[in-house]
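Examining the three-dimensional arrangement
Each chain, letter by letter, is given below.
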Amino acid sequence: MLNTILYIVWNPNVELFRIGSLAIRWYSLCWLLGLLFAYLIVKKLYNDQKIKEEYFDPLFLYCFFGILLGARLGHCLFYQPDYFLSSFQHFVEILVPIKFLPNGGMHFTGYEGLASHGGTLGLMIALYLYYKHTHVNLWRVLDNIAIATPVTACFIRLGNLMNSEIIGNVTDVPWAFIFERVDMQPRHPGQLYEAIAYAIFFFVGWYFYKKKPQKVGSGFFFGLCLTLIFTFRFFIEYTKEVQVSFESGMLFNMGQLLSVPFIIIGAACMVGGKWLKKLGAES
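Keep in mind the model is a prediction, meaning the values are calculated, not measured.

As for the nonpolar core
Grouped together as the largest cluster of nonpolar side chains are 49 residues, with contacts concentrated most on Tyr46, Leu59, Leu127 and Ile145. Mapped onto this core, the elements with two or more residues apiece are helix 1 (26–48), helix 2 (53–56), helix 3 (59–79), helix 6 (116–134), helix 7 (138–162), helix 8 (190–211), helix 9 (220–236) and helix 10 (254–271). It is helix 7 that contributes the most residues to this core, 13 residues altogether.

Examining the pattern of salt bridges
Under the definition given, this model contains eight salt bridges. Salt-bridge contacts for Glu194 lead to Arg157; the nearest nitrogen and oxygen are separated by 3.0 Å. Separated by 37 residues along the polypeptide, Glu194 in helix 8 and Arg157 in helix 7 bring together distant segments of the chain. Under the relative-accessibility criterion, Glu194 is labelled buried at 0%. Where Glu194 meets Lys240, a salt bridge forms, and the shortest distance between an N and an O atom there is 2.9 Å.

Focus: the sheet that holds strand 7 (residues 186–187)
With mixed pairing, the three strands of this open sheet are ordered in space as 1-6-7. Whereas interior strands pair on both sides, the edge strands pair on one side only; in this sheet they are strand 1 (8–10) and strand 7. Here strand 1 runs beside strand 6 (residues 177–179); their pairing, made up of three bridges, is parallel. For Val9, the partnering residue across the bridge sits in strand 6 and is Ile178.

As for helix 10
Every α-helix winds through 3.6 residues per turn, so residues three or four apart in the chain are directed the same way. With 18 residues, helix 10 ought to run about 26 Å at 1.5 Å a step, and its terminal C-alpha atoms sit 27 Å apart, in line with that. Burial in helix 10 covers these residues: Met254, Gly255, Gln256, Leu258, Ser259, Phe262, Gly266 and Cys269. The opening residue of helix 10, the one whose side-chain oxygen lies 3.1 Å from the backbone nitrogen of Gly255, is Asn253.

So, helix 3
Here helix 3 spans 29 Å end to end across 21 residues, near enough to the 30 Å set by a 1.5 Å rise per residue. Listed as buried for helix 3 are Leu59, Cys63, Gly66, Ile67, Leu68, Gly70, Ala71, Arg72, Gly74, His75, Cys76 and Tyr79.

Thresholds applied
Residues numbered from 1 in each chain as written. Predicted model: local features only at pLDDT ≥ 70, side-chain atom pairs only at ≥ 80, totals over all residues. Heavy atoms only, no water. Core = buried A, V, L, I, M, F, W, Y, C linked by side-chain atoms within 4.5 Å. Buried < 20%, exposed > 50% of the residue type's maximum accessible area, 1.4 Å probe, protein only. Helix = DSSP H or I, 4+ residues; strand = E, 2+ residues; numbered from the N terminus. Salt bridge = Lys/Arg side-chain N within 4 Å of Asp/Glu carboxyl O. Pairing = 2+ DSSP bridges. Expected span 1.5 Å × (residues − 1). Polar contact = N/O pair within 3.5 Å; in protein donor to acceptor, adjacent residues only side chain to side chain.

In structure tokens:
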């Protein structure tokens, strides 16, 4: 019999509180906290760089909808296209947080399934649209957002931990978690590994910003963020269970394959800062 005393038994209530039929989940709270802290950090960066206040106001909406839509589409199209593209009703479930029931009814589910790679791509597209609207230098925008992004990523992974999702492989390490809602096997807490790493990456980025704030606008911080997060993401996948069945026979899983382009883009931005400064127009 498994000796659970050796490991961390994990089975928190996914709901922070409930009022009637309205439930507030830890996962939702973590998302909101991650976005709030990123909002405050970027606001400080804009103030430090004397960027006009009116250019900051629309930034949050662009980021919020870019991340949410990108993360949702990324999950549905990268991981479950066979389900979401199989019928019109399933296609509607991509953007509307409901599930159609066999009896003809529907059930509110919230957005169950968000992919970080899709969220990153959605954010990049949203920031380009923000740049086209405000004409703030695109690379300055990307660098500022990149400094704050690891904080949001950290809170999202903590939300995954509270949901007992994106679990790790079975292991005998002494800090293993037993996710009771999944099974009674000790597993790597992959969500916690990522949350800790992303918190560290934020402080790394903040250190470089305080040392050389003049590099904001060169693409360095954008490249640093992508390179750190997705290089770590590539290797941490080796400790995690596959998320969907089709990944089982793959040499590299979907998370790893999707990480490679971001790593290449990140490295290119870090080493190509001089020519990046020539792109975009200062407002």
